[in-house]
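Results of the structural survey
Here is how the chains run, residue by residue.
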Amino acid sequence: MKKTVIAMSLALLVMPTLALADSDDTSGEITAIDKDKGSITLSDGKTYMTPSEFNFDGLKPGVKVVIYYSTNDGKRVIDDLQTE
């Protein structure tokens, strides 16, 4: 029992580190927004998917942003977005 608790505790400590390993960031200018598909495309041509409850207020083509994202099933999914 004691070994199981220790193993579970260690797993909980390592899991957030693994999640950070898959996250990345990029910056650029928004070139397209598709609210129906939930995506934002930057000037580098890459498309980033938005979470289901994403607030598009203030975002439009031409706005410079920094996007923090994770890659899930080959798709770049926005974790956080900041305007510059």
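1. Description of the pairing of strand β1 (residues 23-34)
- Sheet topology note: the β1/strand β4 (residues 64-72) ladder contains seven bridges and is antiparallel. From the neighbouring strand, Thr26 faces β4, where its bridge partner is Ile67.

2. So, the packing of aromatic side chains
- Applying the stated criterion across every chain, the model contains two aromatic pairs.
- Consider the rings of Tyr48 and Tyr69, whose centres lie 5.2 Å apart with planes at 65°: the pair is edge-to-face. With a gap of 21 residues between them, Tyr48 in strand β3 (residues 47-49) and Tyr69 in strand β4 connect regions that are remote in the sequence. In this structure, Tyr48 and Tyr69 share a single accessibility class: buried.
- Ring geometry for Phe54 against Phe56: centres 4.9 Å apart, planes inclined by 75°, an arrangement best described as edge-to-face.
- Residue classification places Phe56 among the buried positions, given a relative accessible area of 13%.
- If you follow Arg76 out to its NZ or CZ, it ends over the ring of Tyr48, 5.3 Å from the centre.

3. Looking at the nonpolar core
- Within the largest apolar cluster, 12 residues are counted, these being Ile30, Ile40, Leu42, Tyr48, Phe56, Leu59, Val63, Val65, Ile67, Tyr69, Ile78 and Leu81.
- When residues of this core are traced back to their parent elements, those giving at least two are β2 (39-42), β4 and β5 (75-83).
- Considering each element in turn, this core owes the most residues, three residues, to β4.
- Not counting residues within four places of it along the chain, the set of residues in contact with Val63 comprises Gly28, Glu29, Ile30, Gly58 and Thr83.

4. Points about the side chain of Thr50
- Relative to the assigned elements, Thr50 resides in the loop between β3 and β4.
- When sequence neighbours within four positions are dropped, the list of residues in contact with Thr50 reads Gly38, Ser39, Ile40, Phe56 and Ile78.

5. Details of the confidence of the model for the chain
- Residue-level pLDDT values for the chain average 83, and 74% of them are 70 or greater.
- The least confident element of the chain, judged by mean pLDDT, is helix α1 (residues 2-21) at 48; the most confident is β2 at 98.
- Every residue in residues 1-10 scores below 50 in pLDDT, and together they form zero contacts with partners more than four places removed in sequence or on other chains.

Scoring rules and cut-offs
Residues numbered from 1 in each chain as written. Predicted model: local features only at pLDDT ≥ 70, side-chain atom pairs only at ≥ 80, totals over all residues. Heavy atoms only, no water. Pairing = 2+ DSSP bridges. Helix = DSSP H or I, 4+ residues; strand = E, 2+ residues; numbered from the N terminus. Phe/Tyr/Trp six-rings, centres within 6.5 Å; stacked < 30°, edge-to-face > 60°. Buried < 20%, exposed > 50% of the residue type's maximum accessible area, 1.4 Å probe, protein only. Lys NZ or Arg CZ within 6 Å of the ring centre and 35° of its normal. Core = buried A, V, L, I, M, F, W, Y, C linked by side-chain atoms within 4.5 Å. Contact = heavy atoms within 4.5 Å. pLDDT = per-residue confidence, 0-100.

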